[in-house]
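Listed below, chain by chain, are the residues.
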Amino acid sequence: KRFAFPVAAGWETRQRTAFLVRKGDEVIALDATCTHLGCMVRPAFAEGASASKLGGAPGAFVCPCHGGAFSLEGEPVKMPVTKPLARLETRVLGGQVQVRA
Ligand code: FES
């Protein structure tokens, strides 16, 4: 699931995009900013689909700028990316997922 969150940028507030990924009981939040040169990565499958829909795809998240790819956990799986997507801290409270940005 894609979501946006505000971040301070000088005197302004900008929106950043991230993805919530549920794997079993674990929920992780990944910043959608590519760690190569900062483009926005996209899911390689329809949002809300289960991980089994990935099939033979090289990665769960792909970058449109230079073709890099990341696993469902945000690990780099295709060059030129070499660093994982940034993880945001999450917790589940009262049945709701909270993300610390
Ligand atoms: Fe994402 Fe280059 S900015 S692969």
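Now for a quick tour of the structure. These figures come from a predicted structure and were not determined experimentally.

On to the pairing of strand S3 (residues 26-31). In terms of burial, S3 is a largely internal element, five of the six residues being buried. Here strand S2 (residues 12-23) pairs with S3 via six bridges, running antiparallel. Note on S3: the bridge partner recorded for Val-21 is Ile-28. Examined bridge by bridge, S3 and strand S8 (residues 87-93) share two bridges and lie antiparallel to one another. Residue pairing for S8: Leu-30 is matched across the bridge by Arg-87.

With that out of the way, let us pick up the environment of Phe-19. Position of Phe-19 among the secondary structure elements: in strand S2. Spatially, the C-alpha atoms of Phe-19 and Ala-32 are 6.6 Å apart, while their sequence positions differ by 13 residues. Residues in contact with Phe-19, not counting those within four places in the same chain, are Lys-1, Arg-2, Phe-3, Ile-28, Ala-29, Leu-30, Ala-32, Val-41, Pro-43 and Phe-61.

Analysis parameters
Every chain is numbered independently, its residues counted from 1 as its sequence is written. Since the coordinates come from a predicted model, pLDDT governs what is reported: local features require at least 70, and pairs of side-chain atoms require 80 or more to be given and counted, while whole-chain, interface and lining totals use all residues. Hydrogens and water molecules were not included; the side-chain quantities draw on all heavy atoms of the structure. We call a residue buried when its accessible area falls under 20% of the maximum for its residue type, exposed when it is over 50%, and partly exposed in between, using a 1.4 Å probe and counting protein chains only. Put simply, DSSP marks the helices as runs of H or I at least four residues long and the strands as runs of E at least two long, and each gets a number from the N terminus on. Here the rule is simple: two strands pair whenever DSSP picks up at least two bridges between them. Should any heavy atoms of two residues lie within 4.5 Å, those residues are considered in contact.

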